[in-house]
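# Summary of the model geometry
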Protein chains: 2
Amino acid sequence: MKRMEEMILSEGKVLPGGVLKVGSFLNQQVDTNFMREIGDEIARLYKDDGATKILTIESSGIPIAISAGFAMGLPVVYAKKNKSSNVSGDVYYTPVKSFTHGDTNNVVVAKEYISPEDRVLIVDDFLAHGSALTGLIDIVDQAGAALVGCVAAIEKGFQLGGDKLREQGYRVESLAIVDEMTDDGITFRPQY
Amino acid sequence: MKRMEEMILSEGKVLPGGVLKVGSFLNQQVDTNFMREIGDEIARLYKDDGATKILTIESSGIPIAISAGFAMGLPVVYAKKNKSSNVSGDVYYTPVKSFTHGDTNNVVVAKEYISPEDRVLIVDDFLAHGSALTGLIDIVDQAGAALVGCVAAIEKGFQLGGDKLREQGYRVESLAIVDEMTDDGITFRPQY
């Protein structure tokens, strides 16, 4: 998505430790006009795949999932991060390690919101090592639902999570893939 | 908003401890068609007030804020909950006590995303004791921005936070106000 690359170049900031800050338009602050374009692009990518539900993870995946839900006319479910190891009730859960924060959360979805009949499209803001997507895929598997595919707004190609998932046979679409990121500039993987 | 009351009656569940569960359409799972109506209603309520930005708090306020942002053509900023007392960087923060979880989080917004020129509309899913709204109002005050008003999707009138804020002179609109909630039924405050 050309516009995503343009937004990253004009608004993004490369910080130490491999951090790409896009808080001015994608998370923390959300440019709703651009977010609508993101939703439309996700709808275009997956329009023929019969998705029945969009699954994301709090918090920064939610704006993207809602926009895609609007564009595709689908309900959205967001997984919650639960720091306590004590997960109760009728839920699916899976541990997800955060490389940014260095801790592990249980990612939790109430069973009633994903059924074996569902065809699930997974959406998130960032794809780096792939731990969040892997956790969400595990939840779709636990539910016995079908996985249509995954979308990340921004993939950090150099952290290899996306390519590992593709090698496992999953369809993973990223609206922009950053293959290199230095103080001097950002190199995107050619996609179109 | 008549439709909000209807959705609460048809989909909501009253749980012990004064909990109203609306996870099937408002949080956890989001009915995006109904969420679009919520955004349109918020736009109708505040169409003449010159808001420049919508402020909410992660996670369950985000779908409502994004929908309102779409309907009003405004950017959305969401405050983050930071469990560590150690808040660094150029941020506004204020402590917010959660009555549901019994703990206190710092609610944090990067200073660059709210300026003194902004006219801020605050949006959240639930209004009970009013602690989240009070914290967000404090952040708007710290930024020197103008507060246009507040919207809650559902107000628990019997927990009095909304009325306390109204007594202090704030404009607080709730799409449905639950004045009583028992196993036998839900009583809404007449609003229209």
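Scope of this entry: the structure provided in the associated data block. Every value quoted in this text rests on a predicted model; they were computed, and no experiment measured them.

A few words on the overall build of chain A. Looking only at helices and strands, one finds five helices and eleven strands in chain A. A compact globule built from 192 residues should have a C-alpha radius of gyration of about 16 Å, and chain A, at 16 Å, falls within 12% of that. Taken over the C-alpha atoms alone, chain A extends approximately 50 × 35 × 35 Å along its principal axes. Within the span of chain A, comprising 192 residues, buried residues form 55% of the whole. Accessible surface for chain A amounts to roughly 8,200 Å². Of this, 47% is attributable to carbon and sulfur atoms.

Turning next to the nonpolar core. Ranked by internal contacts, the top residues of the largest apolar core, which has 81 residues, are Met4, Ile38 and Ile42 of chain A together with Met4, Ile38, Ile42 and Ile154 of chain B. Not counting residues up to four positions away in its chain, the partners in contact with isoleucine 38 of chain A are Met1, Met4, Leu26, Ile64 and Leu175 of chain A.

Right, let's talk about the packing of aromatic side chains for a bit. Taken as a whole, this structure holds three aromatic pairs over all chains when the rule is applied. Ring geometry for phenylalanine 70 of chain A against phenylalanine 70 of chain B: centres 5.6 Å apart, planes inclined by 55 degrees, an arrangement best described as tilted. With phenylalanine 70 of chain A in helix H3 (residues 62-72) and phenylalanine 70 of chain B in helix H3 (residues 62-72), the pair connects residues from two separate chains. Classification of phenylalanine 70 of chain B by relative accessible area gives buried; the value is 10%. Its guanidinium or amino end placed over the ring of phenylalanine 70 of chain A, arginine 36 of chain B lies 4.6 Å from that ring's centre, counting from NZ or CZ.

In this model, helix H4 (residues 131-143) of chain A (13 residues) spans 19 Å end to end at C-alpha, consistent with the 18 Å of a helix rising 1.5 Å per residue. When H4 of chain A is considered as a whole, its buried residues turn out to be Ala132, Leu133, Gly135, Leu136, Ile137, Ile139, Val140 and Ala143 of chain A.

All names here are of chain A. Here glycine 73 is to be found in the loop between H3 and strand E5 (76-82). For glycine 73, a relative accessible area of 41% gives the class partly exposed. Sequence separation between glycine 73 and alanine 43 is 30 residues, and the spatial gap between their C-alpha atoms is 9.4 Å.

The next point concerns the relation of the copies chain A and chain B. In the superposition of chain A on chain B (RMSD 0.0 Å, axial shift 0.0 Å), the rotation amounts to 180 degrees. The symmetry that links the two subunits is that of a two-fold axis. For chain A, the smallest separation between a C-alpha atom and the rotation axis is recorded for serine 59 of chain A, amounting to 2.7 Å. A share of 100% of the interface residues of chain A reappears at the interface of chain B, consistent with the copies meeting face to face through the same patch.

We now examine unusual backbone geometry. Of the consecutive residues glutamate 58 of chain A and serine 59 of chain A, the connecting peptide bond is found in the cis state with omega at -10 degrees. The phi torsion at glutamine 28 of chain B lies on the positive side, around 70 degrees, for a residue other than glycine. Counting through the fold element by element, glutamine 28 of chain B comes out in the loop between strand E2 (19-21) and strand E3 (29-30). One non-glycine residue, leucine 160 of chain B, lies in positive phi territory at about 70 degrees. Mapped onto the elements, leucine 160 of chain B comes out in the loop between strand E9 (146-156) and helix H5 (161-167).

Quick look at the pattern of salt bridges now. The full count for this structure, using the stated rule, is 26 salt bridges over all chains. A salt bridge links arginine 166 of chain B to aspartate 163 of chain B, with the shortest nitrogen-to-oxygen separation between them at 3.0 Å. One end of the pair is arginine 166 of chain B and the other is aspartate 163 of chain B, both in helix H5 and three residues apart, which spans about a single turn. By sharing partners, the salt bridges in this structure join Glu155, Asp163, Arg166, Asp179 and Arg189 of chain A into a single network.

The contact between H3 of chain A and H3 of chain B brings their axes to 9 Å, and the two run at 55 degrees. By the angle between their directions, the pair H3 of chain A and H3 of chain B is classed as oblique. In terms of crossing hand, the pair formed by H3 of chain A and H3 of chain B is right-handed. Where H3 of chain A abuts H3 of chain B, its residues Ile62, Pro63, Ile66, Ser67 and Phe70 of chain A lie against Ile62, Pro63, Ile66, Ser67 and Phe70 of chain B. Per-class residue counts for the contact of H3 of chain A with H3 of chain B are eight nonpolar, two polar and no charged.

Another point: the environment of glutamine 29 of chain B. Considering the arrangement of structural elements, one finds glutamine 29 of chain B in strand E3. For glutamine 29 of chain B, the residues in contact, after removing those within four places along its chain, are Lys53, Val76, Val77 and Tyr113 of chain A together with Gly23 and Ser24 of chain B. A distance of 2.8 Å separates a polar atom in the side chain of glutamine 29 of chain B from a polar atom in the side chain of lysine 53 of chain A.

The rules behind the values
- Residues numbered from 1 in each chain as written.
- Chains lettered and ligands numbered in written order.
- Predicted model: local features only at pLDDT ≥ 70, side-chain atom pairs only at ≥ 80, totals over all residues.
- Heavy atoms only, no water.
- Helix = DSSP H or I, 4+ residues; strand = E, 2+ residues; numbered from the N terminus.
- Rg over C-alpha atoms; globule rule 2.2 N^0.38 Å.
- Buried < 20%, exposed > 50% of the residue type's maximum accessible area, 1.4 Å probe, protein only.
- Areas by Shrake-Rupley, 256 points an atom, 1.4 Å probe, with all protein chains shown as cover.
- Core = buried A, V, L, I, M, F, W, Y, C linked by side-chain atoms within 4.5 Å.
- Contact = heavy atoms within 4.5 Å.
- Phe/Tyr/Trp six-rings, centres within 6.5 Å; stacked < 30°, edge-to-face > 60°.
- Lys NZ or Arg CZ within 6 Å of the ring centre and 35° of its normal.
- Expected span 1.5 Å × (residues − 1).
- Least-squares fit on C-alpha atoms with pLDDT ≥ 70 in both.
- Salt bridge = Lys/Arg side-chain N within 4 Å of Asp/Glu carboxyl O.
- Axes fitted to C-alpha atoms, helices over the stretch in contact; angles between N-to-C directions.
- Parallel < 35°, antiparallel > 145°, perpendicular 65-115°, else oblique.
- Left-handed = near helix turned anticlockwise from the far one by under 90°.
- Nonpolar A, V, L, I, M, F, W, Y, C, P; charged D, E, K, R; others polar.
- Polar contact = N/O pair within 3.5 Å; in protein donor to acceptor, adjacent residues only side chain to side chain.

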